[in-house]
Amino acid sequence: MLTTTASLESFDDQVRETFFPMDCELARGYPGEFSGLLNSRQLGQLGFAAVKSTPLDVYRRRHHIGQVTDSIYLVKVQVAGESQVIQRGREAHLQPGDFTLCLSSEPYELHFASEYSQVVLAIPSPLMEECVHQPERHLGVRMAAQNGANGLFSQFVTSIAQKLDDMDGVLAQRLEANVIDLLATTLSYTGEVQRRDLLCNGVKQEYLNRIRQFIRKHLGDQRLNPDWIAAAHNISTRYLHMLFEAESVSICRYIQQLRLQGCSQALADNAFSRFTIAEVAYHFGFKDASHFSRAFKAEFGLSPIQFRREHGAG
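Now for a quick tour of the structure.

## Some thoughts on the nonpolar core
For soluble globular proteins, nonpolar side chains are generally found buried alongside one another.
Then comes step 1: Core analysis: the biggest nonpolar cluster contains 32 residues, and Phe48, Val75, Phe99, Ile123 and Phe153 have the highest contact counts within it.
Then comes step 2: Looking at this core, the elements with two or more residues in it are strand 4 (46–53), strand 6 (72–80), strand 9 (99–103), strand 11 (116–124), helix 3 (125–131), helix 4 (150–161) and helix 5 (169–188).
Then comes step 3: A per-element tally of this core places helix 5 first, with eight residues.
Then comes step 4: Not counting residues within four places of it along the chain, the set of residues in contact with Val75 comprises Phe99, Thr100, Leu101, Val119, Val120, Leu121, Ile123, Met128, Phe153 and Leu183.
Then comes step 5: Grouped together as the second largest cluster of nonpolar side chains are 24 residues, Ala92, Cys102, Tyr116 and Val120 included.

## Description of helix 4
Residues spaced three or four apart along an α-helix point in a common direction, a consequence of the helix completing one turn every 3.6 residues.
Then comes step 1: Here helix 4 spans 17 Å end to end across twelve residues, near enough to the 16 Å set by a 1.5 Å rise per residue.
Then comes step 2: Three or more residues of helix 4 are buried, namely Asn150, Gly151, Phe153, Ser154, Val157, Thr158, Ile160 and Ala161.
Then comes step 3: Where helix 4 is buried, its residues contact strand 3 (36–43), strand 4, strand 6, strand 9, strand 11 and helix 5.

## A few points about the pairing of strand 8 (residues 90–94)
Then comes step 1: Strand direction decides the pairing type here: strand 7 (residues 83–87) and strand 8, joined by five bridges, are antiparallel. Residue pairing for strand 8: Ser83 is matched across the bridge by Leu94.
Then comes step 2: Between the antiparallel neighbours strand 7 and strand 8 lie two residues, among them Arg88 with a positive phi of about 55 degrees.

## Concerning the side chain of Arg216
Then comes step 1: The residue Arg216 is located in helix 6 (residues 192–217) in this model.
Then comes step 2: Arg216 gets classed as buried once you look at its relative accessible area, which sits at 16%.
Then comes step 3: At 2.9 Å, the side chain of Arg216 forms a polar contact with the side chain of Glu130.
Then comes step 4: When neighbours within four sequence positions are excluded, Arg216 is seen to be in contact with Gln45, Leu127, Glu130, Cys131, Ala177, Tyr254, Leu258 and Gln261.

## Focus on helix 9 (residues 251–267)
Then comes step 1: Taking 1.5 Å per residue, 17 residues should reach 24 Å; helix 9 reaches 24 Å between its end C-alpha atoms and fits that length.
Then comes step 2: If you check which residues of helix 9 are buried, you get Ile251, Tyr254, Ile255, Leu258, Arg259, Leu260, Gly262, Cys263, Ser264, Ala266 and Leu267.

## With respect to the sheet that holds strand 7
Then comes step 1: Read from one edge of the open sheet, five strands run 2-5-10-7-8, paired in antiparallel fashion. Edge positions in the sheet fall to strand 2 (23–26) and strand 8, since each has one partner strand and no second. Shown here is a sheet whose adjacent strand axes are inclined to one another by a mean of 15 degrees, direction ignored.
Then comes step 2: Across the face of the sheet, helix 1 (residues 8–18) comes into contact with strand 2 and strand 5 (56–60) while running at roughly 150 degrees to strand 2.

## Looking at the packing of helix 9 against helix 11 (residues 289–300)
Then comes step 1: In contact at an axis separation of 10 Å, helix 9 and helix 11 are set at 85 degrees when each is read in the N-to-C sense. The orientation of helix 9 with respect to helix 11, classified from their angle, is roughly perpendicular. From helix 9, Arg253, Gln256, Gln257, Leu260, Gln261, Cys263, Ser264 and Leu267 reach across to helix 11, where they touch His291, Phe292, Ala295, Phe296, Glu299 and Phe300.
Then comes step 2: By residue class, the composition of the contact of helix 9 with helix 11 is seven nonpolar, five polar and two charged.

## Regarding the environment of Leu187
Then comes step 1: Turning to its location among the elements, Leu187 is positioned in helix 5.
Then comes step 2: Each C-alpha atom of the pair Leu187 and Arg238 lies 29 Å from the other, and the pair is 51 residues apart in sequence.

## Observations concerning the packing of aromatic side chains
Then comes step 1: Under the definition given, this model contains 13 aromatic pairs.
Then comes step 2: Pairing Phe99 with Phe153 gives two aromatic rings, centres 5.0 Å apart and planes at 55 degrees, and the pair type is tilted. Here Phe153 lies in helix 4 and Phe99 lies in strand 9, a separation of 54 residues in the sequence. With respect to burial, Phe99 and Phe153 carry one shared label: buried.
Then comes step 3: Each residue in the set Phe286, Phe292, Phe296, Phe300 and Phe307 is aromatic and connected to the rest through ring pairs, giving one cluster.

## Some points on the packing of helix 4 against helix 5
Then comes step 1: Interaxial distance between helix 4 and helix 5 falls to 9 Å at its minimum, and their mutual angle equals 160 degrees. By the angle between their directions, the pair helix 4 and helix 5 is classed as roughly antiparallel. For the pair helix 4 and helix 5, the sense of crossing is left-handed. Within the contact between the two elements, helix 4 uses Asn150, Leu152, Phe153, Phe156 and Ile160 and helix 5 uses Leu175, Asn178, Val179, Leu182, Leu183 and Thr186.
Then comes step 2: Split by residue class, the contact of helix 4 with helix 5 holds eight nonpolar, three polar and no charged.

## Brief notes about the pairing of strand 4
Then comes step 1: Counting buried positions along strand 4 yields six of eight residues, so the element is predominantly enclosed.
Then comes step 2: Here strand 3 runs beside strand 4; their pairing, made up of eight bridges, is antiparallel. Looking at the pairing, Gly36 lines up with Ser53 of strand 4.
Then comes step 3: Remark: two residues form the turn of the hairpin made by strand 3 and strand 4, two consecutive strands paired antiparallel; Gly44 in that turn has positive phi of roughly 65 degrees.

Rules and cut-offs
- Residues numbered from 1 in each chain as written.
- Predicted model: local features only at pLDDT ≥ 70, side-chain atom pairs only at ≥ 80, totals over all residues.
- Heavy atoms only, no water.
- Core = buried A, V, L, I, M, F, W, Y, C linked by side-chain atoms within 4.5 Å.
- Buried < 20%, exposed > 50% of the residue type's maximum accessible area, 1.4 Å probe, protein only.
- Helix = DSSP H or I, 4+ residues; strand = E, 2+ residues; numbered from the N terminus.
- Contact = heavy atoms within 4.5 Å.
- Expected span 1.5 Å × (residues − 1).
- Pairing = 2+ DSSP bridges.
- Polar contact = N/O pair within 3.5 Å; in protein donor to acceptor, adjacent residues only side chain to side chain.
- Axes fitted to C-alpha atoms, helices over the stretch in contact; angles between N-to-C directions.
- Parallel < 35°, antiparallel > 145°, perpendicular 65-115°, else oblique.
- Nonpolar A, V, L, I, M, F, W, Y, C, P; charged D, E, K, R; others polar.
- Phe/Tyr/Trp six-rings, centres within 6.5 Å; stacked < 30°, edge-to-face > 60°.
- Left-handed = near helix turned anticlockwise from the far one by under 90°.

The following block contains the structure:
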């Protein structure tokens, strides 16, 4: 969705529709007229938005938070110009290539003193917390482009944002896994963050985070089973099952749930409308159509055909 706005009011409405309620105001002391552009696209569970405008101040206030119950992490990647991001008393001053995190369930401020461009990645909190240990530690912290993999992540996200309108559903789904994997790697293995993760989280949680990332990245791979996962992480299959004993589901059930979730999102997405149900199922790793239909109906209460009809994909 590409929207060019001629007024601050319409831009504010578009921001609220794309993300959630917040206040957009002309930067204090800016004498000119407002202009802005917002281009957004959903990639599986991830939301992508490319935003640019004249100088602006943005406030996510406490009274906004009660209006939306879902909690979302926003990864803000600075493409051009500079910005100041404030949350939890921390201030991140972003230069091009830098990024930081915000959390929608807490107040924050954004300040753009001159014309700017940002790419904003919206990640549901459950997904972020599953893949990244204690992501709230990074709120309002500048992830400098010149440090570790930060610049690589920023470049990757920016390049995706430039081609949002050219992606079909299959490419979008693959990129979703790659974005999450690279972000988790960037946040977990940069200098002090890596050492802190290992000390606070322990070996078991570290393995679980890596394994979850691995599973999401290889959902469509027919080899995805406990033996292959264990071998890829240099652990025994028995130890792999032990890691999941404290979880709410077994590893096999976890894989199936993620695959069914991916199929349901694809069947409700018009970007996948040219693919048959069997092709969607195979894309997410289901080899047997009958087994897929039974598992899908057991999970969602509808057959895949009924689900696609009710959710509007052609």
